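Residue strings, one per chain:
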Amino acid sequence: MMQRTLRITSYVAILLVLLFVLMTLLVNLTPLGENRWLRIFFSVSALNFTLRASVPLILGALCGILCERTGIVNIGIEGMMLAGAFAAFVAKTSTNDWPLTASLIFGVLVALLVGGLMGLLHATFAIRYRMDQIISGTVLIILAGGISAYLFDRDAVAQGKFGAIAIPGLSQIPVLGEVLFTNPPLTYLALLLVVVIHVGLFSTRWGLRSRACGEHPRAADTVGINVNRLRYMNTVLGGMLAGLAGGFLVLEAVGQFQEGMTAGRGFIALAAMIFGNWMPFGAMSAALLFGYTQALQNELLLAGVTSVPRQFVSMIPYLVTIIAVCGFVGRVRPPAAEGQVYEQESGSE
Amino acid sequence: MSNSATPVLEARNITKLFPGVVANEDIHLTLQKGEILALLGENGAGKSTLMHIIFGLYRPTRGEIWVNGAPVVMKNPRTALQLGIGMVHQHFQLVPVMSVTDNVMLGDERVKGGFLDRDAVAARIRELSQKYGLEVDPDALIEDLPLGVRQRVEILKALYRNAQILILDEPTAVLTPQEAEGLFAVMETLRRQGESIIFITHKLKEVLRIADRIMVLRGGRVVGHADPQTTTQQQLAAMMVGREVLLTVDKGPADPGEPVLELDGLRVASDLGTPALRGVSLQVRAGEILGVAGVQGNGQTELVEAITGLRRVEGGRVVMNGTDMTNASPRRITHEGRSSHVPEDRHAYGMVDVYSIADNLVLNQYYRAPFASGITIQTEPIAEHARALVDTFDVRTPDIAMHAGGLSGGNQQKMVVAREFSRPIRLLIAAQPTRGIDVGSIEFIHQQIVAKRDEGVAVLLVSAELDEIMALSDRIAVIYKGEIIGIVNRADATREGLGLLMAGVRPGSHE
Ligand SMILES: Nc1ncnc2c1ncn2[C@@H]1O[C@H](COP(=O)(O)OP(=O)(O)O)[C@@H](O)[C@H]1O
Ligand SMILES: [Mg+2]
């Protein structure tokens, strides 16, 4: 039954997306674009904004999927992201004199490393010290917020950020080329990771074992799988993805660091993961939806729509998140064993 | 099978200590190629623990495992699997949301070009199914399969790994008698092919039916060996329990009176929202025991919860002593309905482990005089009450102030029974009243249930043990997929007939 509901949901989603693409093409290629409201909803700039706003959500949600699919609850994505952002900023500012690309890539690597370390910390708390995983995640958030604010050098300036790379050929397609194939590298990477993680989870040995650990760790143990090792590994990998999301904010989106710059994106990513039923493509769709609401907010403000007070316009993304999660929580199914400590008596060494 | 041949498996001097429990003590076990060794013992005798040690899930405190004449260190299940040991666990180790294929290959995946080769595994499963008569659809999801089929998946999991030694831990607990026969046929095929099997059970009939050799465990020790050709059930029971036991319950004919509990078209949903009861109607009269038989998971739990007010009734009526009690609160059902409930999961619903025995014994009436006065609890009457009950119901404990979780399973259950039986009642709902407890306590509780019946109480007995149903009931209702598929008088009931009903075969239908 569950399966069927899901299938219907995805059909509806695909239909809506097709409709949306059609409208976008019409608005941007025909006189329909002269309508102010249609421009707000379907202009290329709105779509570009959507994608940019979605990338950190997609990466954050993928982080959540990796952790929770193996059985580790991760509400600390926000902290991992912030740590990654700050690390990327420090790496970038201290290598300003390097060639730009090298310096940016160095920033990405450091963001991955620090994100991975945050993941390791979370896994150690959760597995080795059996700390409640909600508390451990909260600790990560507070830790990242505190340390980054304390160490932040307000005079430091990062010079340069990733620029768009047009993919030859594809970027010439009208409208779609502009939206999908003229993006900076981390955006491509995030979209690619969605596919990679989906295939990894459902068609490889690693994925099968990971999911078994999240659903029924003892079953995995009885067929010789080292549950806790896999949980460590995936939490570290997940941390790296969240770190990358932070790196994206500093190195590709904004270009600088600000205190608390993740601004709740880690939590919205968590919502996207739930809304997307712990599936990479589901989470991506949810992230795009949330990103689109942010774009709408932006376009409405830019277009100077005054019939609605701007405070209400600013609420849209959060309202949509809340409604989506509330409406869907009963219908999605989290991994059965998430959050449960697994004790192995047999040798894990 | 000569004794001089090297055993395929040998456990030497195995001792396993858990905090406060000696689960295995100096156990010696040998298994020859191509034989079925039955390991017989009561609940808690240490059978599963011993198997977990052999399978590498637990480390023995002392002792060694030898495989094919060489000592091995079982670091974890992976070692055991590599040595050709497969185990079907008492609680199945399958991932419900995954397919049969994924479950079978988990941990030993076939990979082609980096990706899972599901087709090859499915083909191998079909081949094994065919060879051993273990029919199963490789693409089905585990959660959609009945328990009997899940067990086949577990056996296939072991065969897929080319297990030479197969451990089956209480495999018949979830099967109808006919399904158990099917399993025995599979075991015989495996034996012919040279497979060695350890078959664990606490059911005497099965042991005599299938085993080549019998080893009996009691209290963590080997208490004897037996040859199925020359042993009787009585002898095995005595070995298992340590004294002569009655295999039957002494009871006279029932003298049923007016209906006390009436269910009319009861409909209830399961935790997942699917229908669990689809219109159950039955009557239990004063002075009779109505047994509800069925394979686990056919709605028994929901039935009891609906009657006792623990689960919402979506349709139909529950009537007690002529009063409508549908969706009444548990407290109202207890008092106005004059009913008692021995729940199937005593830890979740029957007792508070960390409370004292005395407090546990007044959980159903602590708020009434003489146990309470105003808003305060009266300790002296509670202690007096406890001392009396502990005495009458033979709850073996040094002190009524001890926390109840520290009692053995049998004594915990006697405590729950003591509390539930100590009020004047007209209706008794007993769900799995003797699950997981020792034979001595089982006998005692059975006698108490019959005594209640003879006092004129209406008894609804729900049990997964067909033997218990047959021993106690005056009438037997069989539940299948949330429906009462048949009700028979005890005198007309046979194991075979009930087994067919439990499998969903209606009388008169020819399928
Ligand atoms: N993990 C454990 N921790 C503590 N005690 C245990 C554990 N597993 C089993 N026991 C205890 O060991 C004894 C033997 O249990 P078990 O091997 O499961 O018996 P059986 O399978 O024969 O019913 C019981 O008293 C049980 O309570
Ligand atoms: Mg057992």
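Draft legend 1. How the structure looks around the overall build of chain A. Check the secondary structure of chain A and you find 14 helices and two strands. For chain A, the C-alpha radius of gyration of 21 Å lies close to 20 Å, the compact-globule estimate for 349 residues. Projected onto its principal axes, the C-alpha coordinates of chain A cover approximately 70 × 55 × 45 Å. Burial status across chain A gives 50% buried among its 349 residues. Pairs at least 24 residues apart make up 74% of the contacts formed inside chain A by residues separated by at least 6 positions. With an accessible surface of roughly 15700 Å², chain A has 69% of that area assigned to carbon and sulfur atoms. Across chain A, the 21 positively charged side chains and the 17 negatively charged ones have centroids separated by 8 Å.

Draft legend 2. The arrangement of the confidence of the model for chain B in detail. On average, residues of chain B score 91 in pLDDT, and 98% of them reach the 70 mark or higher. Across the predicted assembly, pTM comes out at 0.83 and ipTM at 0.90.

Draft legend 3. Inspection of the packing of helix 14 (residues 409-421) of chain B against helix 15 (residues 439-454) of chain B at higher detail. Residues and elements named next belong to chain B. Direction vectors running N to C along helix 14 and helix 15 enclose 15°, while the axes themselves pass 10 Å from each other. With respect to helix 15, the element helix 14 is oriented roughly parallel. Note that helix 14 runs across helix 15; the crossing there is left-handed. Within the contact between the two elements, helix 14 uses G410, Q413, K414, V417 and F421 and helix 15 uses S441, F444, I445, Q448, I449 and K452. Of the residues contributing to the contact of helix 14 with helix 15, the split by class is five nonpolar, four polar and two charged.

Draft legend 4. Representation of the interface of chain A and chain B. Contacts between the two partners involve 25 residues from chain A, matched on the other side by 35 residues from chain B. Across the interface of chain A and chain B, roughly 2500 Å² is buried in total on both sides, 55% from carbon and sulfur atoms. One can count three salt bridges joining chain A with chain B. At the boundary of chain A with chain B, the tally comes to eight residue pairs in polar contact (both at pLDDT 80 or more).

Draft legend 5. Representation of the site of ligand 1 in the model. All names here are of chain B. Taken together, the neighbourhood of ligand 1 is formed by F18, V21, A23, E42, N43, G44, A45, G46, K47, S48, T49 and Y58. Contacts to ligand 1 include G44, whose backbone N or O atom sits 2.7 Å from an oxygen atom. Between an oxygen atom of ligand 1 and a main-chain N or O atom of A45, the distance comes to 3.2 Å. Going through the elements one at a time, strand 2 (21-31) and helix 1 (47-54) are the ones with two or more residues in the shell around ligand 1. If one sorts the elements of the shell around ligand 1 by residue count, helix 1 sits on top with three residues. Grouping the amino acids of the shell around ligand 1 by side-chain chemistry returns five nonpolar, five polar and two charged.

Draft legend 6. Quick look at the sheet that holds strand 2 of chain B. Residues and elements named next belong to chain B. Taken together, four strands build an open sheet; the order of strands is 2-1-4-5 and the sheet is antiparallel. At either end of the open sheet lies a strand with only one pairing partner, and these are strand 2 and strand 5 (70-72). Strand-to-strand twist across the sheet, computed as the mean angle between neighbouring axes with direction ignored, equals 30°. Alignment of strand 4 (residues 62-67) against strand 5, held across three bridges, turns out to be antiparallel. Counterpart to V67 in the pairing with strand 5 is A70. Of the strands in this sheet, strand 1 (9-18), strand 2 and strand 4 touch helix 1, which is tilted by about 60° from strand 2.

Rules used in this analysis
- Residues numbered from 1 in each chain as written.
- Chains lettered and ligands numbered in written order.
- Predicted model: local features only at pLDDT ≥ 70, side-chain atom pairs only at ≥ 80, totals over all residues.
- Heavy atoms only, no water.
- Helix = DSSP H or I, 4+ residues; strand = E, 2+ residues; numbered from the N terminus.
- Rg over C-alpha atoms; globule rule 2.2 N^0.38 Å.
- Buried < 20%, exposed > 50% of the residue type's maximum accessible area, 1.4 Å probe, protein only.
- Contact = heavy atoms within 4.5 Å.
- Areas by Shrake-Rupley, 256 points an atom, 1.4 Å probe, with all protein chains shown as cover.
- Lys, Arg positive; Asp, Glu negative; His and termini not counted.
- Charge placed at Lys NZ, Arg CZ, Asp CG, Glu CD.
- pLDDT = per-residue confidence, 0-100.
- Axes fitted to C-alpha atoms, helices over the stretch in contact; angles between N-to-C directions.
- Parallel < 35°, antiparallel > 145°, perpendicular 65-115°, else oblique.
- Left-handed = near helix turned anticlockwise from the far one by under 90°.
- Nonpolar A, V, L, I, M, F, W, Y, C, P; charged D, E, K, R; others polar.
- Buried area = accessible area lost by both parts, 1.4 Å probe.
- Salt bridge = Lys/Arg side-chain N within 4 Å of Asp/Glu carboxyl O.
- Polar contact = N/O pair within 3.5 Å; in protein donor to acceptor, adjacent residues only side chain to side chain.
- Near = heavy atom within 4 Å.
- Pairing = 2+ DSSP bridges.

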